[in-house]
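Next come the chains, spelled out residue by residue.
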Amino acid sequence: MSEYPYAGYAGQYLRVDLTKGNIQKLPIPLDWVENYLGGNGIGVKILWDEVPANIQPLDPENKLIIATGPLCGLPIPNTGRLEFIAKSPLTGIYGDSNAGGHFGPELKFAGYDLIVFEGQAPEPVYLSIHDDRVELHPAKHLWGRDTFTTEALLQQEHQDPNLRVACIGPAGEHLVRYASIQVTYRRSAARSGMGAVMGAKQLKAVAVRGTGGIRLAEPVKMQALALKLHQRIRTNPFYRSVHTYGTPGLVALMQPIGRFPTQNFRYGSFDGFEDISGEALREQHLLRDTACYSCPIGCDKVYTVTDGEYAGTLNSSVEYETLNALGARLCVRQLDAVLKANERCDALGLDTISAGGAIAFAMELAEKGILGPAEMDGLDLRWGDARTLITLLERIAARQGFLGDLLAEGTARAAHWLGRGSERYAMHVKGQDIPAQDGRAQQSMGLAHVTSSRGADHLKAFPVLDETGAIEEAVRRYGDKYLPDLVNPLATQYKAFLVKDCEDYAAIVDSSGNCKSGGTFVMAEIYWQDQAEAIRLATGMEMSVSRLCQTGERIYNLMRCYNALHGITCEDDTLPWRFTQIPSPSGNARGSICHLEIMLPEYYRLRGWDARTGLPTQRTLARLGLEAAHSRLRAAVASGASKAAYEQLGWSPPYVGPTKDAL
Amino acid sequence: MITIHVRYFNFLAAYIGQKSQSLELPDGFTITDLIHKLAQEGPPAFREIVWREDQPNPHLRIFQNDTLVDNNRMKTPLATGDTIMLFPAISGG
């Protein structure tokens, strides 16, 4: 193969037709890297071009893309990230999920920037990659195994303890709509149900070993930049707390803010928060610190349970989100049980956020009498019952019983199917469960959930500045002209600006291969200027900040256009009633609701989207070089195709009607 | 005199050697006064985190009875029974 015009990239990708068993090695089209960088930028471009709106997420015609970016595997900080992109089985629209670890760099060392899986294997298979040797193998012996066993068996089979594996567990095999893909070592690409796409394709695992290097355009300057960025991160004021406690350290902070969802989002604080806090976790269960590829922070930890009912539990990547979803959301305050539940989610291949959301939904339905005793399969669905939690996770992953099968569909679909007023207790946006970030306590986060391209999500924008008032970070990014409102969690002023800017930058980070928790958002030592310089030094591509900003906008607009092909409009940019009608009863947020009606019109204006439809205007798309997208959107609306696609999504919009409930 | 309760989170607890303490303070004592007192009496590592350039470190996160303390509240007098929560720079999700 001739040398790829840009360094930093491997320059080729794999296209694997699972139906026919064909594997092609193809050069990466220049348009992909020049206009979409990599990661989910290229991912959405492939979905847009190759997966029409009438294709269902679990159809063979859906495609699963595993994508790295130009910075993945490089020496600058936190470059172990990779993206999984497909039409989401949970939401029916654009879906992606991101994981750290070491798989992404390994894929590039093997010589590939991304893999596109299409079709459906007639029998379970796995893909092995060892540099040039790329093969599909039977995986019948792995089917039914949990993710830990699958990874271990593959490493034994290939006699390589350094083999990096991305695989699904029983949940993905059973097409649980929020099944995760687990990545060596115990990292989760959990959101959007990418594991179910793998399961539908009968693709159990991808195992990769690469021994090559990555060519750099300016290696000496890159090394100097890497050193500078590592040093800056290590001396950042936020470094010590993130390094010591990781995201679990946020539990205690979210409590007084009122942003720690409890009992299915009724409350924003949990009286048992100290039992499941980062401090308790470190004191009682820490085995050792660990880190992803090229990460100076090491927010990841390994935790064990050494005694009691859950002795023998071993965890890593226990995050704030999980402590909430499997803890406070359900009123479970036994930390060892939460760790066991997290371990089972990782082994079974389940998204902890959506799993916790679904179980919280079921517990509230039981409390309200909407779910009858005969439908509970003999389980006690009282709030706080840890054994019910762990049993239900097993049943969901196996789709066992009425309740297991119902909740495997995800909260929003389960409510749509069940009816009986259950819809009002489904806490989702566009089909995806809301993470542990209550928009009443942080206005920007409420907006971010509704504008996220993959349904409710904190990471598409990750607007951390107004979480607790990060004044110095705000000044560093934007100067002082937006203060104090920009950093006031309860203010709405400038939040549309913040969310839009963060979404565009997040699109770049997710498309480059570095990490949002590792120096780009929290302690943003790598911001637009450094990111542009890093990409330029890596690839040799002319890369200014303005070009990078426009690329971020292009990616985000194409995601919105893709969702619009499926009938998504401003009507879907809404939160459930609990966030917009019921004042928060908790902490600093007490008395606050989320004011989407103020922030959304400003957001559409800043985006250049039509306020009446919430869709990108022709002018906006033309500015971003997406003229053809506008024509396709118009045609889809005019023909009724987008409306037809919307009716196939399988979930009802969040309940926003009147309610008698105070909480 | 007033009596307040101070709680230390994240690595602040390790730096000052306790998770919480009750303090008797003169009437009129403000949050700024409190942070200054804690900085003066605490070990050097703790002092560096909570006090900077003759004022509370802007990265310090302070809650007074579950209310986030912004610049406008730093000079508000404390009251008996107040609980103050202190966090170092921390953020994310």
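Scroll up to find the structure.
All figures in this text were calculated on a predicted structure; none of them were measured in a lab.

(A) Seen up close, the overall build of chain B. On a plain count of helices and strands, chain B comes out with 3 helices and 7 strands. Going residue by residue from the N terminus, the α and β elements of chain B occur as β-α-β-α-α-β-β-β-β-β. Rg of the C-alpha trace for chain B: 12 Å, near the compact-globule value of 12 Å for 93 residues, within the 12% margin. When each of the 93 residues of chain B is scored for burial, the buried share is 54%.

(B) Structural view of the layout of surface pockets. Here the largest pocket defines a volume of roughly 630 Å³. Taken together, 26 residues line the largest pocket, and the ones lying closest to its centre are Gly469(A), Ile471(A), Val69(B), Asp70(B) and Asn71(B). Of all the secondary structure elements, the ones that give two or more residues to the lining of the largest pocket are helix H18 (471-478) of chain A together with strand S4 (55-56) and strand S5 (61-64) of chain B. Per-class residue counts for the lining of the largest pocket are 13 nonpolar, 9 polar and 4 charged.

(C) The arrangement of the packing of helix H13 (residues 352-368) of chain A against helix H16 (residues 411-418) of chain A in detail. Contact geometry of H13(A) with H16(A) gives a least axis separation of 9 Å together with a crossing angle of 35 degrees. Residues Gly357(A), Ala358(A), Phe361(A) and Leu365(A) of H13(A) touch H16(A), and the partners they reach there are Thr411(A), Ala414(A), Ala415(A) and Leu418(A).

(D) Fine view of the sheet that holds strand S7 (residues 125-130) of chain A. All names here are of chain A. Ordered in space as S8-S7-S12-S9-S10-S11, the 6 strands form an open sheet in which the pairing is mixed. Bordering the open sheet on either side are strand S8 (133-138) and strand S11 (187-189), each of which pairs with just one other strand. Each strand axis lies, on average, 20 degrees off the axis of its neighbour in the sheet, ignoring direction. In terms of strand pairing, S7 meets S8 through 6 bridges, oriented antiparallel. Looking across to S8, one finds that His-130 is bridged to Arg-133.

(E) Looking closely at helix H17 (residues 443-451) of chain A. With 9 of its 9 residues buried, H17(A) lies for the most part within the structure. By the burial criterion, the buried members of H17(A) are Gln443(A), Ser444(A), Met445(A), Gly446(A), Leu447(A), Ala448(A), His449(A), Val450(A) and Thr451(A).

Conventions and cut-offs
Residues numbered from 1 in each chain as written. Chains lettered and ligands numbered in written order. Predicted model: local features only at pLDDT ≥ 70, side-chain atom pairs only at ≥ 80, totals over all residues. Heavy atoms only, no water. Helix = DSSP H or I, 4+ residues; strand = E, 2+ residues; numbered from the N terminus. Rg over C-alpha atoms; globule rule 2.2 N^0.38 Å. Buried < 20%, exposed > 50% of the residue type's maximum accessible area, 1.4 Å probe, protein only. 1 Å grid on protein atoms, 1.4 Å probe; cavity = no way out; pocket = protein on both sides within 12 Å on 5 of 7 lines; lining within 4 Å. Points joined across faces, edges and corners; volume = space filled by probe spheres on them. Nonpolar A, V, L, I, M, F, W, Y, C, P; charged D, E, K, R; others polar. Axes fitted to C-alpha atoms, helices over the stretch in contact; angles between N-to-C directions. Contact = heavy atoms within 4.5 Å. Pairing = 2+ DSSP bridges.

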